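Read off the chains here:
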Amino acid sequence: MQDPGPAFRVGVDVGGTFTDAVAYDDETRSVRYAKVPSTPGDPAEAVVAALEALDIEGSDIDRFVHGITIGTNAILEGRGAEVWMLVTRGFRDVLDIARTNRATLYDITTLKPLPIVPRSRTAEIDERIMFDGSVLAPLDEDRVRAAIDSLSLGPDAAVVVCLLHSYAFPGHERRVAALVREAHPEVFVCTSSDVLPQFREYERFNTAALNAYIGPLMNRYLSDLEHRLQGRGYGRNVFIMTSNGGVSTAGRARRLPIATVLSGPAGGVAAALHLGSRTGIRNLITCDMGGTSTDVCLISDLHVPVTGEQTIGSYANRTPQIEINTVGAGGGSIAWLDAGDILAVGPRSAGAAPGPACYGKGGTDATVTDANLVLNRLKSGSRLAGHIALDRDRAVAAMAPLMDRLGLEVDALAEGIVRIAVARMVSAIKQISIAKGFDPRDFVLCSYGGAGPMHAASIAEEMDISRVVLPRGPGNFAALGSLISDIRQDHALTKTLQPARTGYAEIDGVFRSMEEEGRAQLQAEGVAPEHIAVRRSLGMRYLGQSWELDVDIPDEVQSAEAVDAAFHAVHDRRFGHRSAGATEIVTFRIAVIGRVAPLALPALPGGGDLAAAVVERRRVYFDGAFRDTPVYDRGRIPPEAAIEGPAVVEEAGATTVLPPAWRGYANGHGDLILERR
Amino acid sequence: MAAPGVDPITLEVVTEGLIAIVREMRATIIRASYSSVIYEFDDFSCALFDPDGQMVAQSWDHPGHVLPLPWGVGCALEDFRDDLKPGDAVLLNDPYRGGTHLNDVTLLFPVFDECGAPMVFPAVRAHWVDVGGMVPGSYSGLSTNIYQEGVRIPPIKIVEEGRVNRSAMALLMANMRVPEEREGDLNASFGACRIAEQRIRRLYDKYGRACVEDCIATHLDRTERRLRDRIAALPDGDYCYEDYLEYFDDGRLDPVLMRLRLTVSGDRMIADFAGTNPQVPGVVNSSLAVTGAGVFVAIKATLDPGGAVNQGAFRPVELRAPEASIADVRHDAPAGAHGEVRKRAVSVTLGALSQIVPDRVSGDLCGTSFPNAIGGFNKRRDRQYVYYEAPAGGNGGFLQHDGPSAMVNVDFGNLPSIQTVESIENEMPLLVERCELRIDSGGPGTSRGGLGMRREVRLLDDEGSYSVLSDRAVIPPFGVLGGGSGAPYIVSVVRDGGETGFPTPGKVTGHTIRRDDIVVMRSAGGGGYGDPLARDPASVRRDVAEGLVSRAAAAEVYGVVLDDGGEIDGAASEAARTALAAARYRARVVADDALDPYVGGRGRRRTVRFSPAMAARLGVSEGDLTEVMGANPAPLRAWVTVDAGHIDDTVLLDPFGRKALGVEHGDTVVLRPVPTPGVPGGLA
């Protein structure tokens, strides 16, 4: 009999406050959860601690998938590498000048974001490529060497090579990069054409500069992580969740760290999509509330929106990513007084260290978690992630300075802090729903993350949403999502041609050569050929238009006429009209997908008595008063039994709050469904 | 707050829902238009109107477009009030009837319910790259009447009960360049309106007419209240300022005057342009709709950033201007450069506001839209092309920060002013040689004005035609509170290594360029804020290290002397600052209530009389531009008249001048020269 090999798939999601892990055993179909405090100074330490908490040896792991936010955080907090740029002569200010537009309207004090590479860290290169890839001025290698010598690269520096029209001819960029590596083998180097081989230099250069900005940090982290996992006996590929909702190998993530900026939130969205198909809830607003921030995403008719036009912080990033809106409010967000003594919450967070005041780890600022503890929504003395005991007295003490300034009792202040945190999340949800023409009342709120279930009903109430779903294992939901996500690599190539003139054979030829390379890359990363699928799409426009439209090209499209017909149809649907004019292809895109076996989560056994699930009754604050409230153990709630609010449901890693106007029940998979009465 | 029956969530869902419809219209226009200005530059606007023509929703729309839009809608409704039927659509671009300039073509798309009652309806205004006229791109710096600027379309029904008026369409298209693209642009506008119509119907179906109308009324009222509250907090009074647009009469510079008296009275404001120049046969005129947009933007952007923009926000501000003036143009004066009039209205309003809220204004903005056009035939793609870019300049410094460089001014909204080099070169026979920030162009100040940019474009075809229509090419953006002027706009052509400017700076029409000629466009810097001698020397040092300010300017303007290693020489800097401060020229105000300081041909420009000794002291001569700085933050510009009989060290000022400067008889003012480029034709 053949050895079945290692059984576990393990997903680990590193958040700002906690590191969550999920292990799925493909043989027994069982799931294990673990949660440990994050270790921001050395994130890999928490990953290893999470594996220990799961009690799984590296040699028992078939596949290790990882969601990380260190790249995102570095960009948002301005803590990336010192990036130097080598750029075509005459264009050192592309990042600074940008598109010259304004970030806000009707405000005379609007500023431009600081360029990722300041003027003084750019050096110009003598060369020039034309739009068709021909060389107008050859690369002057001696002067390139001199330019490289002029850079005073520090130990953590990175270099980005940005030359005009490199998408049409990457030769110059690659040669410059090689010369940089020759002179500085230890420095992170990338080229704009490797990061994003598409035209429009500002967007390409900026995306490449961001890639360089987080490159050194991510490389150090991933090397360290692989080393430690090997030390625990895991010698296979480490996979990283990517912003497009797929996963990639760590090797690719090292070269293209910018593709992982939404690594953390993407896992949760993937899991929510899975939950939606499993439960038949096709319209979901996801709300992933962790310790530091909250990510929201709108899934309409089980369609996850992916865009190539997002920004991170104030910076253009053109790598494909799930449309997610992030707000700097989470359980660890600190309450403070704005000018004029207006109570504000976040974006500063107590994070994992020192953490909220009630953790007793040195934090003295009042946080959202402290407020929930004061309101008894969290249980005093209970333990988080195994070893942090919540100390209500410390939470009350942390409130004192704010109470004095505002003249509020501690309970009223705590309730105010929670309401403000909720308002910030509501505002983030409005931006992805109401602001885009969706009525939030047509959606079910799917809330997870450590702090999600606690605030879900309040958020829903503010948005007039009548139904909430809280998945099983909410604190580890993103980690679970990473286990079920396919490997996905998006490739794009700018190449302009008119279908009617060139014919289908040439179009097909471009796709085939892209596919060949894409498949080879995936196979090199260990994916069996039979598990690889490819999806084609084209960026097309009418001749004379300047913005292209994405058109899916399914297998049955086998002629230039069919390509055109597909474009006409999309144009008509999207813009309300079509034209008889000639069409043009601008960008070829493929998604190369390495399929992963689905999870088969077992249903929970039915039966049991709801009364037996009550672990205690305590006085919990709702609407201005403490009320006697039952507290349930989530694991012991029988399916379909009705829980009436006010109620609190506890489990390892999360606490659910049902305000008085709400009721709830567990479905057969252990998801909690809340409904407004 | 909410009307009876409207709960706060519904109020927000409906008002945000209307804005979301506009957003969807915008996405449609951007992606489906043919005119590069529309799709690359967002040079268009979309809005929703109620049946009375009140603007109820807009989004990230170009303020210069969307703010005058209600005037156009108003004119169309006036013409067709009782004659609009389901399936009708109205087209217009007439600047005398609520348009802006002829290139901005507006489509109204009335929507009716099944009972025939009018509903909220969409309108789109989009800049078509060409609407005929004497040059490619249509509007020209040398137009003397509107007939040279293209086809004028008064409000007409381009579609009647669903049937396109083919005759009108054929007539329009026959008079425009690249007509198939213009038809594409119109289709994009129709597409956006159809999408909006569907969404509007859905909104009414879901919430009901009464609820939608309640929400709109409540929302407009609360928007109005918010701005009124801000105005009510300001001290009542009259605040005056003046500035100029650059008009050339037969090659001679003949500056035209824009004068504003801004009155704060309780919770309302009156912007009165009395004394503003009569209209002239040149492109420095526009409608009151456009002038008012400039006033509104400046008020909103300083007093109430972040508030909603709809008809409610317009209510607290009343506009007045003399008929047939540059601020309220009438037939048949040209109206091509509406953006310039709007921008100067922003400048004078900022100048007046600086007297009320000096902490919230900035130095003057670069102050022109700078549309550069190159047209010709692209052999490679076998079609005509029009290159169009408007490289943004600097913005004024403000209390907290240096002005942003190369960023469109606040009246342009989110409009990107340049295309990517790679798009241009893919589509046109052009090669962009260089695009970089323009050193020393930012107005000096405690907070420095932002820098302009330098963009060079080479022609790769045999022949092309270059036009530009720019202001602030002679009279630069002003600084406030002692801050200096930004560098003015400059355009030139480099041929065979030699650079040639133009005799009418900033105004070029149909100039023939040949293969390998390079058009060099330099955009202006923003005005400085505060005394440059008070700027933190470390900031000056950093500016030099980043290549934004030259070592020479650091020493001569900021009094910061750097050693060979680029570090601050403390002692030398202190000495330099002391010397620069001591060298400032102060003069005494002599009140002269009978004085008419203005001269000019068709224009009117302020003169200031100097004795020969004063002129020598300032290093200026007859006809040079100077600035007079008084107690108010913004300076007055005046052209020097040398008079041997004038008493040394005195300045005669009329009542308006004293009011604008905040000075009285016997007060001290500071005089300084404002360097300007030469105009071979001289002054009118």
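Residues numbered from 1 in each chain as written. Chains lettered and ligands numbered in written order. Predicted model: local features only at pLDDT ≥ 70, side-chain atom pairs only at ≥ 80, totals over all residues.

## Details of the overall build of chain B
- In terms of helices and strands, chain B carries 16 helices and 29 strands.
- In chain B, which comprises 684 residues, the share counted as buried stands at 61%.
- For chain B, the share of sequence-separated contacts (at least 6 apart) that also reach a separation of at least 24 residues comes to 75%. (Helix = DSSP H or I, 4+ residues; strand = E, 2+ residues; numbered from the N terminus. Buried ≥ 20, exposed ≤ 12 C-beta atoms within 10 Å, placed from the backbone. Contact = placed C-beta atoms within 7 Å.)

## Some thoughts on the overall build of chain A
- Tallying secondary structure elements over chain A gives 17 helices and 36 strands in all.
- Over its C-alpha trace chain A gives a radius of gyration of 26 Å, about what one expects of a compact globule, namely 26 Å for 677 residues.
- Counting only C-alpha atoms, chain A reaches 80 × 60 × 55 Å along its principal axes.
- In chain A, buried positions account for 53% of the 677 residues. (Rg over C-alpha atoms; globule rule 2.2 N^0.38 Å.)

## Let's talk about the sheet that holds strand β11 (residues 256–265) of chain B
All names here are of chain B.
- Strands sit in the order β8-β11-β12-β13 across an open sheet of 4 strands; the sheet is mixed. Across the chains shown, the open sheet's two edge strands, defined by having one partner strand only, are β8 (237–245) and β13 (317–320). Neighbouring strand axes in the sheet, compared pairwise and without regard to direction, differ in orientation by 20° on average.
- Strands in contact with helix α8 (residues 288–303) are β12 (268–272) and β13; relative to β13, the strand with the most contacts, it is inclined by about 140°.
- Taken strand by strand, helix α10 (residues 338–353) contacts β8, β11 and β12, and its axis lies near 140° from that of β8. (Pairing = 2+ DSSP bridges. Axes fitted to C-alpha atoms, helices over the stretch in contact; angles between N-to-C directions.)

## Thoughts on the sheet that holds strand β28 (residues 650–653) of chain B
All names here are of chain B.
- Strand order in the open sheet made by the 7 strands is β24-β25-β27-β26-β29-β23-β28, with mixed pairing throughout. Edge positions in the open sheet fall to β24 (598–599) and β28, since each of these has one partner strand only.
- Summarising the sheet, strand β25 (residues 605–610) and strand β27 (residues 636–642) pair through 4 bridges and their orientation is parallel. Considered in β27, the bridge of Thr 607 is made with Trp 639.

## Re the environment of B:Gly397
Residues and elements named next belong to chain B.
- Relative to the assigned elements, Gly 397 resides in the loop between β15 (383–389) and α11 (421–427).
- Looking at Gly 397, the number of C-beta atoms within 10 Å reads 34, which means it is buried.
- Separated by 132 residues in the primary sequence, Gly 397 and Tyr 529 have C-alpha atoms spaced 5.0 Å apart.
- Gly 397 has contacts with Ser 362, Gly 363, Asp 402, Gly 403, Gly 445, Ser 447, Arg 448, Gly 449, Gly 483, Gly 526, Gly 528 and Tyr 529, leaving out every residue within four places of it along the chain.

## Let's talk about the interface of chain A and chain B
- Each side of the interface is counted separately: chain A has 45 residues, and chain B has 64 residues.
- Elements with a contribution of two residues or more to the side of chain A that touches chain B: α3 (94–97) and α7 (201–231) of chain A.
- For the side of chain A that touches chain B, the residue count by class is 17 nonpolar, 14 polar and 14 charged. (Nonpolar A, V, L, I, M, F, W, Y, C, P; charged D, E, K, R; others polar.)

## Regarding the packing of helix α6 (residues 179–207) of chain B against helix α7 (residues 209–232) of chain B
Residue and element names in this part refer to chain B.
- With their axes 6 Å apart at the nearest point, α6 and α7 run at an angle of 105° to one another. Our classification of the angle between α6 and α7 gives roughly perpendicular. Listed contacts from α7 to Leu 203, Tyr 204 and Tyr 207 of α6 are Arg 209, Cys 211 and Val 212. (Parallel < 35°, antiparallel > 145°, perpendicular 65-115°, else oblique.)

## Regarding helix α4 (residues 141–150) of chain A
All names here are of chain A.
- Every buried residue of α4 is listed here: Val 144, Ala 147 and Ile 148. On an axial view of α4, the arc spanned by its buried residues comes to 100°, and they lie on one face. With respect to the buried face of α4, the exposed residues turned more than 90 degrees away are Asp 142, Ala 146, Asp 149 and Ser 150.
- On its buried side, α4 packs onto β5 (83–88), β6 (122–125) and α5 (171–183). (Arc of directions from axis to C-beta.)

## Notes on the domain arrangement of chain B
- Domain assignment breaks chain B into domain 1 (8–224), domain 2 (537–582) and domain 3 (585–673).
- Put simply, the middle of domain 1 of chain B and the middle of domain 2 of chain B, counted by C-alpha atoms, are 53 Å apart. (Domains from an automatic or database assignment.)

## With respect to the domain arrangement of chain A
Residue and element names in this part refer to chain A.
- For chain A, the assigned domains read domain 1 (8–74 + 220–260), domain 2 (81–210), domain 3 (263–329 + 422–483), domain 4 (333–420) and domain 5 (487–594).
- A C-alpha centroid distance of 30 Å is found between domain 1 and domain 4.
- Each side of the interface is counted separately: domain 1 has 8 residues, and domain 4 has 6 residues.
- It is strand β3 (residues 30–37) that provides the largest number of residues to the side of domain 1 that touches domain 4, a total of 3 residues.
- Across the side of domain 1 that touches domain 4, the residue classes break down as 4 nonpolar, 3 polar and 1 charged.

## Some details on unusual backbone geometry
- Here the amide bond leading from A:Gly346 into A:Pro347 is cis, since omega sits at 0°, within 30 degrees of zero.
- The topology assignment puts A:Pro347 in strand β21 (residues 342–349).
- Cis rather than trans, the peptide bond between B:His331 and B:Asp332 has omega equal to 0°.
- Inspection of the secondary structure puts B:Asp332 in the loop between β13 and α10.
- For A:Asn376, which is not glycine, the phi torsion reads 65° and is therefore positive.
- On the basis of neighbour counts, which here come to 21 C-beta atoms within 10 Å, the residue A:Asn376 falls in the buried class.
- Unusually for a residue other than glycine, A:Asp464 sits at a positive phi of about 65°.
- The topology assignment puts A:Asp464 in the loop between α13 (452–463) and β25 (467–470).

## A word on the nonpolar core
Residue and element names in this part refer to chain A.
- One finds Val 83, Val 159, Val 160, Ala 209, Ala 212 and Leu 445 to be the most contacted residues of the largest nonpolar core, which totals 405 residues.
- It is α7 that contributes the most residues to this core, 14 residues altogether.
- Once residues lying within four places of it in the same chain are set aside, the contact partners of Val 83 are Ile 116, Val 117, Arg 121, Ala 158, Val 160, Ala 209, Ala 212 and Tyr 213. (Core = buried A, V, L, I, M, F, W, Y, C linked by C-beta atoms within 7 Å.)

## With respect to the pairing of strand β2 (residues 18–25) of chain A
Residues and elements named next belong to chain A.
- Burial analysis of β2 places 7 of its 8 residues in the buried class, the great majority of the element.
- With 7 bridges connecting them, strand β1 (residues 8–14) and β2 associate as antiparallel partners. The partner of Asp 13 across the bridge, within β2, is Asp 20.
- Between the end of β1 and the start of β2, which pair antiparallel, lie 3 residues.
- Judged from the 8 bridges that link them, β2 and β3 form a sheet pairing that is antiparallel. Its bridge partner lying in β3, Phe 18 is registered against Pro 37.
- Taken together, β2 and the strand that follows it, β3, pair antiparallel across an intervening segment of 4 residues, in which Arg 29 is found at a positive phi of about 55°.

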